[in-house]
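These are the residues of each chain, in order.
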Amino acid sequence: FLSAGVGVTPMIPMLQQAVQRPHGSIRFFAQFRDVDHAPFAEYLLSFAHQFASYAEDFRIRLFLTRFPRGVK
C-alpha cells in the first residue's frame, strides 16, 4: 500500500481487510507533510504494533516531508 496525505483515509479499511487474509508480506507506506498534517498516524502506529506478528513480513512506514525544528 502506498499513500500520501489525506489519501491514507481509504487505505485504512483496505489494510484492515488485508490482515484478515493470510499473506507472506504486507507493506504500507504513507507520506505526510509534517506531524500536524498526518491523519491517522497514531492509529497506524498502534495498528502496526498490534499486528506485527500476524504476517511473516508486516511493516508500516510513515514518512514526513518537513520535520519540526530540532528533529533530525
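Check the entry above for the structure.
Draft legend 1. The packing of helix α1 (residues 11–18) against helix α2 (residues 41–50), seen in detail. Contact pair α1 / α2: the axes reach a minimum separation of 12 Å and the direction vectors enclose 5°. Compared by their axis directions, α1 and α2 come out roughly parallel. Judged by residue contacts, Ile-12, Leu-15 and Gln-16 of α1 engage Tyr-43, Leu-44 and Phe-47 from α2. Taken together, the residues that form the contact of α1 with α2 break down as 5 nonpolar, 1 polar and no charged.

Draft legend 2. Representation of the side chain of Asp-34 within the structure. Take Asp-34: it is sitting in the loop between β2 (25–32) and α2. Of the side chains with opposite charge, Arg-66 lies nearest to the buried Asp-34, which makes no salt bridge, at 4.3 Å. A distance of 3.0 Å separates a polar side-chain atom of Asp-34 from the backbone nitrogen of Asp-36. A distance of 2.8 Å separates a polar atom in the side chain of Asp-34 from a polar atom in the side chain of His-37. With residues near it in sequence (within four places) discarded, Asp-34 still touches Leu-64 and Arg-66.

Draft legend 3. Up close: the packing of aromatic side chains. Summed over all chains, the structure comprises 4 aromatic pairs. When the ring of Phe-1 is compared with that of Phe-28, the centres are 5.9 Å apart and the planes differ by 35°; the resulting orientation is tilted. One end of the pair, Phe-1, is in the segment before β1 (2–4); the other, Phe-28, is in strand β2, with 27 residues separating them in the sequence. Judged by relative accessible area, which is 33%, Phe-1 ranks as partly exposed. In textbook terms, an aromatic cluster arises when at least three aromatic residues are bridged by ring pairs, as seen for Tyr-43, Phe-47 and Phe-58.

Draft legend 4. Examining the sheet that holds strand β3 (residues 57–64) more closely. Ordered by their spatial adjacency, 3 strands build an open sheet running β1-β2-β3, and the pairing between neighbours is parallel. Sheet topology places β1 and β3 at the edges, where each strand pairs with a single neighbour. Averaged over all pairs of adjacent strands, the angle between strand axes in this sheet comes to 10°, irrespective of strand direction. Pairing analysis gives 3 bridges linking β1 to β2, with the strands arranged parallel.

Conventions adopted
Residues numbered from 1 in each chain as written. Predicted model: local features only at pLDDT ≥ 70, side-chain atom pairs only at ≥ 80, totals over all residues. Heavy atoms only, no water. Axes fitted to C-alpha atoms, helices over the stretch in contact; angles between N-to-C directions. Helix = DSSP H or I, 4+ residues; strand = E, 2+ residues; numbered from the N terminus. Parallel < 35°, antiparallel > 145°, perpendicular 65-115°, else oblique. Contact = heavy atoms within 4.5 Å. Nonpolar A, V, L, I, M, F, W, Y, C, P; charged D, E, K, R; others polar. Buried < 20%, exposed > 50% of the residue type's maximum accessible area, 1.4 Å probe, protein only. Lys, Arg positive; Asp, Glu negative; His and termini not counted. Salt bridge = Lys/Arg side-chain N within 4 Å of Asp/Glu carboxyl O. Polar contact = N/O pair within 3.5 Å; in protein donor to acceptor, adjacent residues only side chain to side chain. Phe/Tyr/Trp six-rings, centres within 6.5 Å; stacked < 30°, edge-to-face > 60°. Pairing = 2+ DSSP bridges.

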